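Here is how the chains run, residue by residue.
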Amino acid sequence: MLVSPALVEKYNRPGPRYTSYPPAPHFRPGMAPETVAAMIRADNERPDPEPLSLYVHLPFCRTLCYYCGCHMIVTHRPEKIARYLDYLEREIALVSRWVAPDRPVVQLHWGGGTPTYLAPEQILALMDLLRRHFRFAPDAEIGIEADPRGLTRAHLEAARTAGFNRISFGVQDLDPTVQQAINRVQPYEQVARITRWARELGFESISYDLIYGLPHQHLTQFERTIRQVIDLGPDRISLFSYAHVPWKKKHQRLIREEWLPRPAEKLQLFLRAVELLTTEGGYRYIGMDHFARPEDPLSRALDEGTLQRNFQGYSTHGGTELYAFGISAISQLRDAYVQNVLTLPEYYAALDRGHLPVGKGYVLTDEDRLRRHVIMALMCHFRLDVPEVERRFGIDFHAHFADALAQLEEMEADGLVVRRPDVIEVTESGRFFIRNVAMAFDAYLQATTDRPMYSQTV
Ligand SMILES: C[S@@+](CC[C@H](N)C(=O)[O-])C[C@H]1O[C@@H](n2cnc3c(N)ncnc32)[C@H](O)[C@@H]1O
Ligand code: SF4
């Protein structure tokens, strides 16, 4: 067993997922669209801008999953989706005219909501639009999130024709009782069929999202789900901890608290899933909630110390700027994070005025950059080269981070990290607590309240 239940109990507390640093709750309103436009232009006027990543948020879903924590909109009105696509086009056109013409896109991701709720011809048209406005590298990693329900072979064919080479399916749990309780019925056969189609059509990487901690999940049934998943053999698995935040997501009240596994049971679900995936399944544990087959590029990146982290979690691509389109989408510029407005009316109104639909933003300070570097190195490489940080940022590491290092003492005693003068190393079991290790270096953490800003660290 890689991870001890006592340690999980000890360290499991609310904490950021560090898809950005500072984390999104610290972004502030008031960043002017003109400022963002000027930053994008300036980034593209530099002699050798880094490659680009793109993200497109497609918020629409056919039905509501009661557990959902995503930024989504349930609709049955095709004209609503068509209107959104028209405005996406305006936003993409607005940004792309500032982008240096030979700047390659090495990564594109469509997330949601449910991108495959678009009709096949809409998938083709939107990709066509992106290709007209940006230059894609021939080996670009192009991924889409897909809901097995309502997914036809024509959708998958359209996605492949459009150039998608990675797909992630929302599987969550295969047990019928759990599926009923979360309002998301998708029989095993359906998941098996779409997985087979995706393989036949040549997607290079198939990923499943699973959630533990859902209503009515019990060990025996969850073991069955995990074994069924292992049989279906996706290349990657994200095993998310159910974030139950009914004060933020009102519809989660449709899930009665007494249906949820108690904390000790939830922990057991997680530990058993890890055990089955890494032994019977032969998956490697990457970090946080990610698992991958040993031959998957993510496993190779872990071995080679090239793993990266972005808003979708772990990735093999880094060192890019990220331009994100659609409501709630977050861009990562050289010097700032920028999050788009959250609602359709605000989004349409901004674009009608010819403005970028900026909601919140954050301009990084030098201290943020330093801490971001440290946190991302720990999150991705599970190792921090102290002299490298000192050279790059011109600091005395031990003096600058005296508080953080004191916090690591207990983690060291618990076998999660090893500290030597020149290096901090996260141990194999420490990878399960990587958010806790990173939190020691986070200058923005606030005292935990009973309505925490973040989900639990494990
Ligand atoms: C945008 S959805 C994936 C695509 C598609 N909408 C679907 O559900 O199949 C992103 C993933 O976030 C995860 N997720 C959503 N709400 C969550 C919550 N409250 N706690 C943990 N994971 C959650 C689910 O695993 C889901 O598949
Ligand atoms: S989990 Fe996916 S399909 Fe379900 S409501 Fe959320 S975004 Fe939509």
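Computed from a predicted structure; not experimentally measured.

About the cut-offs
Residues numbered from 1 in each chain as written. Chains lettered and ligands numbered in written order. Predicted model: local features only at pLDDT ≥ 70, side-chain atom pairs only at ≥ 80, totals over all residues. Heavy atoms only, no water. UniProt positions renumbered as here; feature names shortened; annotations may be inferred. Helix = DSSP H or I, 4+ residues; strand = E, 2+ residues; numbered from the N terminus. Axes fitted to C-alpha atoms, helices over the stretch in contact; angles between N-to-C directions. Parallel < 35°, antiparallel > 145°, perpendicular 65-115°, else oblique. Left-handed = near helix turned anticlockwise from the far one by under 90°. Contact = heavy atoms within 4.5 Å. Phe/Tyr/Trp six-rings, centres within 6.5 Å; stacked < 30°, edge-to-face > 60°. Buried < 20%, exposed > 50% of the residue type's maximum accessible area, 1.4 Å probe, protein only. Expected span 1.5 Å × (residues − 1).

(A) Representation of the UniProt feature "domain: Radical SAM core" (unreviewed entry) in the protein in the model. Mapped onto this numbering, the UniProt entry annotates "domain: Radical SAM core" (unreviewed entry) at residues 46–280. Structurally, residues 46–280 is divided into 39% helix and 23% strand, and its ends, taken at the C-alpha atoms, are 50 Å apart.

(B) Just the packing of helix H12 (residues 366–381) against helix H13 (residues 386–393), in detail. With their axes 11 Å apart at the nearest point, H12 and H13 run at an angle of 160° to one another. Classed by the angle they form, the pair H12 and H13 counts as roughly antiparallel. The chirality of how H12 crosses H13 is right-handed. Together, Arg-369, Leu-370, His-373 and Val-374 of H12 and Glu-388, Val-389, Arg-392 and Phe-393 of H13 make up the contact between the two elements.

(C) Representation of the packing of aromatic side chains in the model. What the rule picks out here adds up to 18 aromatic pairs. Between Phe-397 and Phe-441, the aromatic rings sit 6.4 Å apart at their centres with planes inclined by 35°, giving tilted as the arrangement. Taken as a pair, Phe-397 in helix H14 (residues 397–400) and Phe-441 in the segment after helix H16 (434–439) lie far apart in primary sequence, 44 residues in all. The pair formed by Phe-397 and Phe-441 is uniform in burial state, with each residue classed as buried. Centroid distance Phe-401 to Phe-441: 5.3 Å. Interplanar angle 75°. Geometry classified as edge-to-face. A residue pair is termed long-range when its members are at least 10 positions apart, and Phe-401 in the loop between H14 and helix H15 (402–413) and Phe-441 in the segment after H16 qualify at 40 residues. Here the two residues Phe-401 and Phe-441 agree in accessibility, since each one is buried. An aromatic cluster of three or more residues is present, and its members are Phe-60, Tyr-84, Tyr-87, Tyr-347 and Tyr-348.

(D) Quick look at helix H8 (residues 219–232). Taking 1.5 Å per residue as the helical rise, H8 with its 14 residues ought to reach 20 Å, and the 20 Å between its terminal C-alpha atoms agrees with that figure. Inspection of H8 places Phe-222, Glu-223, Thr-225, Ile-226, Gln-228, Val-229, Ile-230 and Leu-232 among the buried residues, and these make up the whole buried set. Buried-residue contacts for H8 involve helix H7 (188–200), strand E8 (205–212), strand E9 (236–241) and helix H9 (263–278). Of the residues flanking the end of H8, it is Gly-233, one or two places downstream, whose phi is positive at about 65°.

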